[in-house]
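# Coordinate inspection notes
In case you want the letters, here they are:
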Number of protein chains: 2
Amino acid sequence: MTKADSNVDRIYEKLRKMAADFEFKPDARINESALSTELGASRTPLREALNRLVAEGFLTFQSGRGFFCRPLSPKLILDLYEARVAIETEIVRLVCRRASEEDLQDLMGFLKSTEPDYDSSDDPMELLSMDEAYHMRIAALSQSNELVRILENLNDRVRYIRLVDLKYLRGKTPVSTQEEAQLSAHRVVLTALINRDEDKAVSTMRHHIERRRDEATEAVRIAYSQLYVPAD
Amino acid sequence: MTKADSNVDRIYEKLRKMAADFEFKPDARINESALSTELGASRTPLREALNRLVAEGFLTFQSGRGFFCRPLSPKLILDLYEARVAIETEIVRLVCRRASEEDLQDLMGFLKSTEPDYDSSDDPMELLSMDEAYHMRIAALSQSNELVRILENLNDRVRYIRLVDLKYLRGKTPVSTQEEAQLSAHRVVLTALINRDEDKAVSTMRHHIERRRDEATEAVRIAYSQLYVPAD
DNA sequence: GCACTCAAAATTGTATACAGCACAATATTC
DNA sequence: GAATATTGTGCTGTATACAATTTTGAGTGC
């Protein structure tokens, strides 16, 4: 065993995806034996992976009772959005001071090249991926590994709700309007960055995220109804 | 075994303290067998604790080679300080909007009550503890568990360097001057919060942290000389 | 019905065993 | 004598076993 790429990492990645997608229902207990046979490994590496996920906020742990899926509540999602605001506004601030003209122009190129996809695709998963990719590319320009790291964690933990939000709250507004708002926010931030207008860039980013934060409570409600209703 | 309070948690707490204090030297490999006998437990729970610490950024892991202490570099410390700025400025912003008059007055009471200790004590460890306690009390008023959680992690990871900074860079400036600057920053932030002057509170907090960030490179240099020099 | 008891079953917590990998020390080749 | 092959040692990665604990559920009394 123990191929160069390692087994525990494979388990860990798999579990993280499962936890992010709430394949474990909120607060549900995780059965180690069952899960280990399902993943084709023994409990030892499984528990190592589970412990990592506890530290990352995907799971909880109670001594003597085992591992549980993290709860899902509006408050928790609001907290995650608030943390995102904290991280991403500081990222924008740093990018404004540090990114080269060239980097920013490259990013503008990336933004323009994905615009057709934004318009054509109405697959929420794909739209979310593009949005995250854009945000992470900005983050990289901050040159702060720690901010990048924290943001990745926050994104992973909030992704499920964002997806629900995209899928089900869109019915209220025409799809194209939402997409345009999203896209234009991205453009406004980037233009402000290119103009080195820090305050504008920061405040636009803030509002861009806070806008979605306010929908979180409703999204959580819908997520619950999704999770506990027989699949279609 | 397995007393109600659990063994793995005991190991975990102990290891976290050891890692925070750099009892493992930067980049040094950790010998699991030796450590497990030292801690009086087997490798299984030890590795579970080590995995948590990897996820928290205290250790690193290389498949097939084992666990290592995190590196220590100026860049990394700068990143941690920058993340602190991101988190704490947003905390102040939220506190300004959410904290009750009463909460803020209580905090002012706390601040005043610790001032004599600030003046009398010249134990860096104690000063640092008081400073952290104050910052965490502000954080609690943000009502954001996530920001509190992230800040705790950042504080734990940067504490060693902050301590070195306090201990050794103080020689340059009279102790009382430094303490006063620290104290007055705390007071200015809190006064601004009481006046609901968000911009003032945020920018003061930012400068309060950034001031210390700039000393990080020098502090890391000193930390290295401390870590690799025979104890006195 | 409802609460309580307690034994059986299931599940977690940890030690241990051992296979396989990594690295260092030694031998071998040219 | 330098470079390469080989062996040896120690450590990591994981499975498994078993003890300790929690959960379940049937039975009992009220």
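What you see is a predicted model, and the numbers here were worked out from it, not measured in a lab.

### Some remarks on the protein's contact with DNA strand D
In the neighbourhood of DNA strand D, 22 residues make up the surrounding shell, with N7(A), S42(A), R65(A), R43(B) and R47(B) lying closest. Contact distances for DNA strand D include 3.5 Å between a phosphate oxygen and a backbone N or O atom of E32(B). Residue R47(B) places a side-chain N or O atom 2.5 Å away from a phosphate oxygen belonging to DNA strand D. A per-class count over the surface near DNA strand D returns six nonpolar, nine polar and seven charged.

### Regarding the relation of the copies chain A and chain B
Superposing chain A onto chain B requires a rotation of 180 degrees together with a translation of 0.0 Å along the rotation axis, leaving an RMSD of 0.1 Å. These values place the two chain copies in the arrangement generated by a two-fold rotation axis.

### So, the pairing of strand β3 (residues 66–69) of chain A
Residues and elements named next belong to chain A. Inspection of the sheet shows strand β1 (residues 29–30) paired to β3 by two bridges, in the antiparallel sense. Paired with R29 across the bridge in β3 is F68. Across four bridges, the pairing between strand β2 (residues 59–62) and β3 is antiparallel. Residue pairing across strands places Q62 opposite G66, the latter belonging to β3. If you look at the hairpin formed by β2 and β3, you'll find three residues sitting between the two strands, and G64 has a positive phi there, around 90 degrees.

### As for the domain arrangement of chain A
Residue and element names in this part refer to chain A. For chain A, the assigned domains are domain 1 (7–69) and domain 2 (74–227). The C-alpha-based centres of domain 1 and domain 2 are spaced at 28 Å. Contacts between the two partners involve nine residues from domain 1 and, on the opposite side, six residues from domain 2. Between domain 1 and domain 2 lies a buried interface of about 740 Å² when both sides are counted; carbon and sulfur atoms form 58% of it. Counting every contact that joins domain 1 to domain 2 gives one salt bridge. Here D156 and R16 are joined by a salt bridge, their closest N and O atoms 2.7 Å apart. The tally of links from domain 1 across to domain 2 stands at three residue pairs in polar contact (both at pLDDT 80 or more). Residues that form the side of domain 1 that touches domain 2 fall into these classes: four nonpolar, one polar and four charged.

Each value, and the rule that gives it
By convention here, each chain's residues receive numbers from 1 onward along its written sequence. Lettering of chains starts at A and numbering of ligands starts at 1, both following the order in which they are written. At least 70 in pLDDT is required for a residue's local features to be given in this predicted model, at least 80 for side-chain atom pairs to be given and counted, and no such filter applies to totals for whole chains, interfaces and linings, which use all residues. Hydrogens and water are ignored here; the side-chain numbers use all heavy atoms of the structure. Working definition: residue near molecule or strand if any one of its non-hydrogen atoms lies within 4 Å of it. Polar contacts, as used here, are pairs of N or O atoms within 3.5 Å; protein pairs need one atom able to donate a hydrogen and one able to accept it. Residues neighboring in sequence count only if both atoms are side-chain atoms. Gly is placed with the polar residues, together with every amino acid not listed as nonpolar (Ala, Val, Leu, Ile, Met, Phe, Trp, Tyr, Cys and Pro) or charged (Asp, Glu, Lys and Arg). Only residues with pLDDT of at least 70 in both copies contribute their C-alpha atoms to the least-squares superposition of the copies. DSSP bridges decide pairing: two strands pair if at least two such bridges lie between them. Helical segments are the DSSP runs of H or I of at least four residues, strand segments are the runs of E of at least two, and each set is numbered from the N terminus. Domain segmentation is taken from an automatic or database assignment of domains. What makes two residues a contact is simply this: any of their non-hydrogen atoms within 4.5 Å. Note on terms: buried area is the combined drop in 1.4 Å-probe accessible area of two parts once they are placed together, counting the loss on both. Each reported salt bridge corresponds to a side-chain nitrogen of Lys or Arg within 4 Å of a carboxyl oxygen of Asp or Glu.

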